Amino acid sequence: MADQYLGFDLSTQQLKGIIVKSDLKLLHEAKVDFDADFSKYGIEKGVLTNPAEGEVFAPVAMWLEAIDLVLHRLKEQGADFSKIRGISGAGMQHGTVFWSQDAETLLGGLDGGKTLLEQLDGGAKGEKKGAFSHPFSPNWQDASTQKQCDKFDVALKDPESLAEATGSKAHHRFSGPQILRFHQKYPEAYKVTSRISLVSSFLASIFLGKVAPIDIGDVCGANLWDIKNGQWHEDLLALAAGDEGVEDLKSKLGSVPQDGGLSFGTVSPYFVQRYDFSSETQIIAFTGDNPSTILALPLRSSDAIVSLGTSTTFLMSTPQYKPDPAYHFFNHPTTPGLYMFMLCYKNGGLAREHIRDAINSQSSPTSSTSWDLFNQVATSTPVLGQADPKTDPARLGLFFPRPEIVPNVKAGTWRYLYSNHTLAAVAKPDAKSWPIPSADARAILESQFLSLRLRSQALVEKQGALPAQPRRIYLVGGGAVNPAIADLAGQVLGGADGVYKLDIGGNACALGAAYKAAWGTGRQRNETFEDFLEKSWLEEGFVERICDGYREGVWERYGDVLRGFEELEGRVIRESGEGGSGVENAGGKVEG
Ligand SMILES: Nc1ncnc2c1ncn2[C@@H]1O[C@H](COP(=O)(O)OP(=O)(O)O)[C@@H](O)[C@H]1O
Ligand SMILES: O=C(CO)[C@@H](O)[C@H](O)COP(=O)(O)O
């Protein structure tokens, strides 16, 4: 019986595919790890960089190879694709793929006897007809568009007005500023671009066999979509389109269906011939990786997801649209009237890895990627590095090996001591003031979670007798398996009901995509995604409580240093900020 659903996650370092049954239980999962499987592309952590211009980008050809490989791996595990009724997926947000004039013909005529790479890639030197007008997709870590962002931020008056209209102020990685820069840097390639996809709609296009529409949730990561009016914002399109004009850019971007569960049609014959998919398999709108992640769980009011992937993101689902230049609002990927609140940090997993590696190399000359020592050091260091909270100052740091988004500052590391409401830079860290690298392990986790707490406190509510804080914290992404990170998340952020992770295996983002495929394909008339998920959700089997969230006394100590943390960010912005005023960039507000 055909009752299985396939979900993908095309993110920075991997392509993951998972199959669930209609009861939402996991059947198969497989992944392609870009660095391990495709080192021939010269990538590191999934991307190529041009530091002179702050560019970060990924080869589209690598993703084509990854699609064939992940399907091959699923098949090796026993997946029977003829049972798949629906496919959906998620892509890292903001990245754009530029299709050539030949794209539709090539996509529509794929031969199941050959690979996607053989048929769609134009070769390293463009020696044959290919489906792309540019071989690379700008990555969300790209920081090359400050000039373009400055234009976007004033296009509707100021960053507040841009955030009000599109859900976000201008950000380097957002597709609008990226398209404007692409247009300016590669005018010839822009001219011969027939369509522009996001990473999510690129992946959908491959499975559909024609260029697929951009999704209603993911479109909000472009600074081009007028959220309230549900349409492209003409003034912002005009800015990104330049001489070619609004209509030209509109036709490149295509129309955006309002329904996130819409079927775009059936799977491309390529997948029927090559992998035995049924020709009836439906392709349901693919969304961004963060919007897809919030579909992996029935999120309640004051619940928060912390996604610990390459980026760290903090996600909530809310009926309130309260945009602010400090954070992001997106359309909810399935449910009109709901929004996704998001904070996104560039220095997530890789910044933690830097400190892990420094700690490991101090104890042993051979390189190890084990987290054991990092965890041991982080949990054995006292709260805020204060052996005696009455006499010792609190250690507060910022650790940004790459330019950061929140706050918008250049790369750097800052270590400060905070006592009596006063901050002092640690000029010469020593074994007492700040032993490096050991004290950094706890300090980076505290710093990352303090930043989340500072910026999300207006969105959480009182929990019974406890002060306003999240009800539950759900950890997802690669770092969610780490018990020390979970422990620190609870200590700093709270969580009246505890810190949880998914217990279904798989990966939340791909799982959310598979659930969306199941809902979009099989939904009853007017059945909302929330009703659909609730119907099959098994709390016991699907999530696992990792540890307590709120700990009396500890949570309050972190509250006491929030003001100092905010001041530290303000200083760093004044010293190393990128555009905008310091206050706007800092973005959090200490309450009370
Ligand atoms: N045991 C662990 N402890 C902490 N972090 C981990 C652990 N295992 C994996 N990670 C982190 O997970 C990150 C990858 O997460 P993932 O969600 O798969 O990334 P992405 O979706 O961005 O490709 C890595 O950068 C690594 O730092
Ligand atoms: O830029 C953002 C969100 O705005 C990132 O969260 C990307 O969506 C990529 O995430 P991961 O590769 O870390 O999953």
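The model shown is predicted, which means the values in this text are computed figures rather than measured ones.

Procedures and definitions
- Residues numbered from 1 in each chain as written.
- Chains lettered and ligands numbered in written order.
- Predicted model: local features only at pLDDT ≥ 70, side-chain atom pairs only at ≥ 80, totals over all residues.
- Heavy atoms only, no water.
- Helix = DSSP H or I, 4+ residues; strand = E, 2+ residues; numbered from the N terminus.
- Rg over C-alpha atoms; globule rule 2.2 N^0.38 Å.
- Buried < 20%, exposed > 50% of the residue type's maximum accessible area, 1.4 Å probe, protein only.
- Contact = heavy atoms within 4.5 Å.
- Areas by Shrake-Rupley, 256 points an atom, 1.4 Å probe, with all protein chains shown as cover.
- Lys, Arg positive; Asp, Glu negative; His and termini not counted.
- Charge placed at Lys NZ, Arg CZ, Asp CG, Glu CD.
- Core = buried A, V, L, I, M, F, W, Y, C linked by side-chain atoms within 4.5 Å.
- Near = heavy atom within 4 Å.
- Polar contact = N/O pair within 3.5 Å; in protein donor to acceptor, adjacent residues only side chain to side chain.
- Nonpolar A, V, L, I, M, F, W, Y, C, P; charged D, E, K, R; others polar.
- Salt bridge = Lys/Arg side-chain N within 4 Å of Asp/Glu carboxyl O.
- Pairing = 2+ DSSP bridges.
- Axes fitted to C-alpha atoms, helices over the stretch in contact; angles between N-to-C directions.
- Expected span 1.5 Å × (residues − 1).
- Domains from an automatic or database assignment.
- Buried area = accessible area lost by both parts, 1.4 Å probe.
- 1 Å grid on protein atoms, 1.4 Å probe; cavity = no way out; pocket = protein on both sides within 12 Å on 5 of 7 lines; lining within 4 Å.
- Points joined across faces, edges and corners; volume = space filled by probe spheres on them.

**Points about the overall build of the protein**
Summing up its helical and strand segments, the protein has 23 helices and 24 strands in all. Here the protein has a C-alpha radius of gyration of 23 Å; the compact-globule value for 592 residues is 25 Å, and the two agree. By the burial criterion, 62% of the 592 residues in the protein qualify as buried. In the protein, once contacts between residues fewer than 6 apart in sequence are set aside, the share between residues at least 24 apart is 72%. When the accessible surface of the protein is summed, it comes to about 22000 Å², and 50% of that surface belongs to carbon and sulfur atoms. Averaging the coordinates of the 58 positive side-chain charges in the protein and doing the same for the 73 negative ones gives two points 1 Å apart.

**Some points on the nonpolar core**
By size, the foremost hydrophobic cluster in this structure holds 132 residues, and its most contacted members are Leu224, Phe449 and Tyr515. Here this core gets nine residues from one element, more than from any other, and that element is helix 16 (residues 438–456). Discounting residues that sit within four places of it in the chain, Tyr515 has contacts with Val20, Leu24, Leu295, Ala296, Ile504, Phe529, Phe532, Leu533, Trp537 and Phe542.

**Digging into the site of ligand 1**
By nearness alone, 17 residues border ligand 1, and Ser11, Gln14, Thr310, Glu353 and Gly478 come closest of all. Within the side chain of Gln14, a nitrogen or oxygen atom sits 2.8 Å from an oxygen atom of ligand 1. Contacts to ligand 1 include Thr310, whose side-chain N or O atom sits 2.5 Å from an oxygen atom. Protein chains shield 82% of the accessible area of ligand 1, which is 590 Å² for the free molecule. For the shell around ligand 1, the secondary structure elements donating two or more residues are strand 2 (14–21) and helix 14 (349–363). Split by residue class, the shell around ligand 1 holds four nonpolar, 11 polar and two charged.

**Here's the deal with the pattern of salt bridges**
All told, the structure shown has 30 salt bridges when counted by the stated rule. Note that Asp357 is salt-bridged to Arg356, the shortest N-O span being 2.9 Å. On the basis of relative accessible area, Asp357 is assigned to the partly exposed category, the value being 32%. Take Arg356: its relative accessible area is 6%, and that puts it in the buried class. Across the pair Glu569 and Arg455 runs a salt bridge whose closest N-O atoms are separated by 2.6 Å. In this pair, Glu569 sits in helix 22 (residues 562–576) while Arg455 sits in helix 16, placing the two residues 114 residues apart along the sequence. Of the two residues, Glu569 and Arg455, neither departs from the other in class, the shared state being buried. Put simply, Asp303, Arg471, Arg472, Asp497 and Glu539 are held in one network by salt bridges that share partners.

**What to know about the sheet that holds strand 5 (residues 55–59)**
Ordered in space as 4-5-8, the three strands form an open sheet in which the pairing is antiparallel. Edge positions in the sheet fall to strand 4 (48–50) and strand 8 (136–138), since each of these pairs with one other strand and no more. Each neighbouring strand pair of the sheet contributes to a mean axis angle of 35°, computed without reference to strand direction.

**Here we look at the side chain of Asp121**
Tracing the chain through its elements places Asp121 in the loop between helix 4 (116–120) and strand 8. Here Asp121 falls in the buried class, since its relative accessible area comes to 19%. If sequence neighbours within four positions are ignored, Asp121 has contacts with Ala61, Leu64, Leu116, Lys128, Lys129 and Gly130.

**Here's the deal with the environment of Ser301**
For Ser301, the location among the structural elements is in the loop between helix 13 (289–293) and strand 15 (304–308). Sequence-wise, Ser301 and Arg352 are 51 residues apart; in three dimensions their C-alpha atoms are separated by 30 Å. Among residues more than four places away in sequence, those in contact with Ser301 are Glu461 and Arg471. In terms of polar contacts, Ser301 uses its side chain to reach the side chain of Glu461, at 3.0 Å.

**Some thoughts on unusual backbone geometry**
A cis amide bond, omega -5°, links Val406 with the succeeding residue Pro407. Among the secondary structure elements, Pro407 is positioned in the loop between strand 19 (394–400) and strand 20 (412–419). Put simply, Ile436 and Pro437 share a cis peptide bond, and its omega is 5°. Relative to the assigned elements, Pro437 resides in the loop between strand 21 (422–425) and helix 16.

**Quick notes on the pairing of strand 9 (residues 195–198)**
Burial of the side chains of strand 9 extends over both faces: Arg195 and Ser197 are buried on one face and Ile196 and Leu198 on the other. Where strand 7 (residues 96–99) meets strand 9, four bridges bridge the pair, whose relative direction is antiparallel. The residue bridging Val97 from the neighbouring strand is Ser197, located in strand 9.

**Some remarks on helix 14**
Taking 1.5 Å per residue, 15 residues should reach 21 Å; helix 14 reaches 21 Å between its end C-alpha atoms and fits that length. Taken together, the buried positions of helix 14 are Gly349, Leu350, Ala351, Arg352, Glu353, Ile355, Arg356, Ile359 and Asn360. Buried residues along helix 14 sit against strand 15, strand 16 (312–318), helix 15 (372–380), strand 19, helix 16 and helix 17 (483–493).

**Quick notes on the domain arrangement of the protein**
Domain boundaries in the protein define domain 1 (4–290), domain 2 (295–344 + 457–547) and domain 3 (349–448 + 553–586). When each unit is reduced to the centre of its C-alpha atoms, the spacing between domain 1 and domain 3 is 35 Å. Here domain 1 and domain 3 share an interface that buries about 860 Å² over both sides, 51% of which is from carbon and sulfur atoms. With a shortest N-O distance of 2.9 Å, Lys45 and Glu353 are connected by a salt bridge. Counting the contacts that link domain 1 with domain 3 gives two residue pairs in polar contact (both at pLDDT 80 or more). Its residues placed into classes, the side of domain 1 that touches domain 3 shows two nonpolar, six polar and four charged.

**Considerations on empty space enclosed by the protein**
One pass over the full model with this rule turns up four cavities of 30 Å³ or more. Volume-wise, the largest cavity comes out at about 110 Å³. Tyr345, Asn347, Phe400, Ser447 and Gln448 are the residues nearest the centre of the largest cavity, which is lined by 14 residues in total. Those elements that place two or more of their residues in the lining of the largest cavity are strand 19, helix 16 and helix 22. Grouping the amino acids of the lining of the largest cavity by side-chain chemistry returns seven nonpolar, five polar and two charged.

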